[in-house]
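Each chain, letter by letter, is given below.
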Amino acid sequence: MTPNAQHEAYMAELKACLGSAGADLPADQLLAITAQFVGMLVAAQDQRTMTPSRAMQIVAGNLEVGNATAVEGLLAPRGSA
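What you see is a predicted model, and the numbers here were worked out from it, not measured in a lab.

A. Expanded view of the overall build of the chain. Looking only at helices and strands, the chain features three helices and zero strands. Along the chain, helices (α) and strands (β) appear in the sequence α-α-α when read from the amino end. Computed over C-alpha atoms, the radius of gyration of the chain comes to 15 Å, more than 25% over the 12 Å expected from 2.2 N^0.38 for 81 residues, which places it beyond the range of a compact globule. Every one of the 81 residues in the chain was classed for burial, and the buried ones make up 4%. Summed over all atoms, the accessible surface of the chain reaches about 7,100 Å², with 63% contributed by carbon and sulfur. Charge separation in the chain, taken as the distance between the mean sites of 4 positive and 7 negative side-chain charges, equals 7 Å.

As structure tokens, this is what we get:
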């Protein structure tokens, strides 16, 4: 799905947490804590409409999107050389 304004606003709020509460945590700890939170979100899904397989497909697919977005940001040219 293509992100809409509400999705982008939620993502911005999540990223803002990295600059505040998570600012002094090492990257591996941020990853571990965030993975636990994703696990909580998976557990909170309506089991009548969300299968474990579908939940993991959503998580895995969006991990790929996040990785691609981060790599793209690292490879993007900055300034002039």
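B. Structural detail: the pattern of salt bridges. Counted by the stated rule, this structure contains one salt bridge. The partner of Arg48 in a salt bridge is Asp46, and the shortest N-O contact between them spans 2.9 Å.

About the thresholds
Residues numbered from 1 in each chain as written. Predicted model: local features only at pLDDT ≥ 70, side-chain atom pairs only at ≥ 80, totals over all residues. Heavy atoms only, no water. Helix = DSSP H or I, 4+ residues; strand = E, 2+ residues; numbered from the N terminus. Rg over C-alpha atoms; globule rule 2.2 N^0.38 Å. Buried < 20%, exposed > 50% of the residue type's maximum accessible area, 1.4 Å probe, protein only. Areas by Shrake-Rupley, 256 points an atom, 1.4 Å probe, with all protein chains shown as cover. Lys, Arg positive; Asp, Glu negative; His and termini not counted. Charge placed at Lys NZ, Arg CZ, Asp CG, Glu CD. Salt bridge = Lys/Arg side-chain N within 4 Å of Asp/Glu carboxyl O.

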